[in-house]
Amino acid sequence: MKILYSEDKKHLTVILDEAFDNESNESFRELYAIKKPGIKFIIDFKNVKHMTSSSFGMLLVFRERNEIIEKEDIRLINCNDGIKKLFEMANFQKLFMIS
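**A look at the pattern of salt bridges**
Scanning the model with the defined rule gives one salt bridge in all. Linking lysine 40 and aspartate 73 is a salt bridge whose minimum nitrogen-to-oxygen distance equals 2.6 Å. Pair noted here: lysine 40 is in strand β4 (residues 40-44) and aspartate 73 is in the loop between α2 (53-65) and β6 (74-77), with a separation of 33 residues, a long-range link. We classify aspartate 73 as buried; its relative accessible area is 17%.

Pasting the structure below:
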């Protein structure tokens, strides 16, 4: 997992690894502590080929811990069709911007 800040420090991009699962939990927890007013989060799924149900929990906890209210504040990008379908079945489109 890579964490990148934009030059203006208003966007943080997280590039996930090939598997987004229980083993990702520890590194993903680092994101829970980032509480900067006005920052927008981009979580990039371009490398993800496999994810488990624990991934859904990690995203929900991330949203809650960072006190994010607006779905526009977290974008889940580069999701393949299978991942998009899983997010739709879980109604994640109500909580996150998904593309």
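**Brief notes about unusual backbone geometry**
For residues other than glycine, phi is negative in most cases, and the peptide bonds are mostly trans. Positioned with a positive phi, lysine 9 is a non-glycine residue whose angle comes to about 60°. As for its placement among the helices and strands, lysine 9 is situated in the loop between β1 (2-5) and β2 (11-15). One non-glycine residue, asparagine 91, adopts positive backbone phi at about 60°. Along the polypeptide, asparagine 91 turns up in the loop between α3 (81-89) and β7 (97-98). Overall, the relative accessible area of 36% leaves asparagine 91 in the partly exposed class.

**Quick notes on the packing of aromatic side chains**
As enumerated under the stated definition, the model contains nine aromatic pairs in all. Look at phenylalanine 20 and phenylalanine 45: their rings are 5.9 Å apart centre to centre, the planes differ by 80°, and that puts the pair in the edge-to-face class. With phenylalanine 20 in strand β3 (residues 19-20) and phenylalanine 45 in the loop between β4 and β5 (50-51), the pair connects residues that are 25 residues apart, well separated along the chain. This pair shows no difference in class: phenylalanine 20 is buried, exactly as phenylalanine 45 is. When the centroid spacing of 5.6 Å and the interplanar angle of 75° are considered together, the rings of phenylalanine 56 and phenylalanine 87 count as edge-to-face. Pair noted here: phenylalanine 56 is in helix α2 and phenylalanine 87 is in helix α3, with a separation of 31 residues, a long-range link.

**Looking at the sheet that holds β7**
An order of β1-β2-β4-β6-β7 is seen for the five strands of this open sheet, with the pairing classed as mixed. Of all the strands in the sheet, just β1 and β7 have a single pairing partner and so form its edges. Examined bridge by bridge, β6 and β7 share two bridges and lie parallel to one another. Looking at β7, one finds that leucine 76 is bridged to isoleucine 98.

Reading the values: rules and limits
Residues numbered from 1 in each chain as written. Predicted model: local features only at pLDDT ≥ 70, side-chain atom pairs only at ≥ 80, totals over all residues. Heavy atoms only, no water. Salt bridge = Lys/Arg side-chain N within 4 Å of Asp/Glu carboxyl O. Helix = DSSP H or I, 4+ residues; strand = E, 2+ residues; numbered from the N terminus. Buried < 20%, exposed > 50% of the residue type's maximum accessible area, 1.4 Å probe, protein only. Phe/Tyr/Trp six-rings, centres within 6.5 Å; stacked < 30°, edge-to-face > 60°. Pairing = 2+ DSSP bridges.

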